[in-house]
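The lines below spell out each chain.
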Amino acid sequence: MATLLVGSQVATLFSPSRPTEKVRTALEEMSYSTIEFWTGFALCWSIISSILTLLSMLTAWSLCGAIGRNNAHIFLRSSLALYDISLPIRLAHLSIFMFFLWINLFFHVIMPWPVSTPLSVTCAICFYFLITMYSAVGRMLMHSGAMGEESILEESEHEEMGPVDLTVAMMEKTLIAKDGRIPVSE
């Protein structure tokens, strides 16, 4: 993913197109008050964050591959290892946010505001929807016990339930686990 982002961002920054030329000119002249400058600024930061994502992913994979099988469950639970392992995904999120930002700013460079503003707002709403939906499902996955080996509901229970009932039952398990401060890994 990060390689595709880097490739598309670098290609955009050095494209000979007229809108991109305006962005580069605004950066060269340090025209802070223009949308072109901030589009270029966001694009440059997006390139940097995507390259950092690539570097951290490759490094994390290399480190994890070097850990002995008998020591992985000990080493990977240390605070430093947890930070190192979560860094690539955090940087990937930053890359996606920055990509989203410069694309939306670029809409304002290439389109008149009556078109670009509704388009940017629609994109922001869709982006927010995706983040909230997958965050909710991820939290329910972690806290309901669905990551464990045991079934989170008895077979007789879940066979009779529909999609809404299953969601309610898993939400109840999630709330009980969160209120009881039950660790995710147990």
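The residue count restarts for each chain, going from 1 along the sequence in the order it is written. Per-residue local features are limited, in this predicted model, to residues with pLDDT of at least 70; the limit for side-chain atom pairs, both in listing and counting, is 80 or more; totals at the level of whole chains, interfaces and linings are taken over all residues. Computation of side-chain values: all heavy atoms of the structure, hydrogens and water removed.

Below, the discussion takes up a nonpolar patch on the surface. Put simply, a patch holds well-exposed residues, over 30% relative accessible area, that have no salt bridge, with like charges counted together within 9 Å and Val, Leu, Ile, Met, Phe, Trp or Tyr side chains within 5 Å. Calculation of accessible area relied on Shrake-Rupley with a 1.4 Å probe; when residues are assessed, cover is drawn exclusively from the protein chains displayed. Here, a salt bridge means any side-chain nitrogen of Lys or Arg that lies within 4 Å of a carboxyl oxygen of Asp or Glu. Taken together, the side chains of Met30, Tyr32, Trp38, Phe41, Trp45, Ile48, Ile51, Leu52 and Leu55 present a nonpolar region at the surface, about 900 Å² in accessible area. In DSSP terms, a helix is any run of H or I states spanning at least four residues, a strand is any run of E spanning at least two, and both are numbered starting from the N terminus. Tracing the chain through its elements places Met30 in the loop between helix 2 (18-28) and helix 3 (35-66).

Attention now moves to the packing of helix 5 (residues 79-110) against helix 6 (residues 113-143). The contact between helix 5 and helix 6 brings their axes to 8 Å, and the two run at 165°. As summarised for this structure, helix 5 and helix 6 are arranged roughly antiparallel, according to the angle between their axes. Crossing of helix 5 over helix 6 shows right-handed handedness. Between helix 5, through Ile96, Phe97, Phe100, Asn104, Phe107 and His108, and helix 6, the contact on the second element is made entirely by Ser116, Thr117, Leu119, Ser120, Cys123, Ala124, Phe127 and Ile131. Tallied by class, the residues present in the contact of helix 5 with helix 6 amount to 9 nonpolar, 5 polar and no charged. Note on geometry: axes are C-alpha line fits, over the in-contact stretch for helices, and angles between N-to-C directions span 0 to 180 degrees. Note on angle classes: values under 35 degrees are labelled roughly parallel, values over 145 roughly antiparallel, values of 65 to 115 roughly perpendicular, and the remainder oblique. Whether a crossing is left-handed or right-handed is set by the direction in which the near helix is turned from the far one by less than a right angle, anticlockwise for left-handed and clockwise for right-handed. The contact definition used throughout considers only heavy atoms, calling two residues in contact when any of these lie within 4.5 Å. Put simply, Ala, Val, Leu, Ile, Met, Phe, Trp, Tyr, Cys and Pro go in the nonpolar bin, Asp, Glu, Lys and Arg in the charged bin, and everything else, Gly too, in the polar bin.

Now for the nonpolar core. Residues Leu13, Val23, Ala42, Leu43, Ile47, Met98, Trp102, Leu105, Phe106 and Val109 constitute the largest nonpolar core, which totals 10 residues. For this core, the secondary structure elements donating two or more residues are helix 3 and helix 5. Considering every element that reaches this core, the biggest residue donor is helix 5, with 5 residues. Those residues in contact with Trp102, other than ones at most four positions away along the chain, are Gln9, Thr12, Thr39, Ala42, Leu43 and Ser46. We call a set of buried residues a nonpolar core when its members are Ala, Val, Leu, Ile, Met, Phe, Trp, Tyr or Cys and they connect through side-chain atoms within 4.5 Å of each other. Each residue gets one of three labels from its accessible area relative to the maximum for its type: buried under 20%, exposed over 50%, partly exposed in between, using a 1.4 Å probe on protein chains only.

Within the fold, Ser95 resides in helix 5. Classification of Ser95 by relative accessible area gives buried; the value is 0%. Whenever a nitrogen or oxygen atom comes within 3.5 Å of another N or O atom, the pair is scored as a polar contact, on the condition that within protein one atom can donate a hydrogen and the other can accept it, and that pairs from neighbouring residues in sequence are kept only if both atoms are in side chains. Among the polar contacts listed, one links the side chain of Ser95 to the backbone nitrogen of Ser50, at a separation of 3.3 Å. In this structure, Ser95 is in contact with Leu5, Ser46, Ser49, Ser50 and Thr53, ignoring residues within four places of it in sequence.

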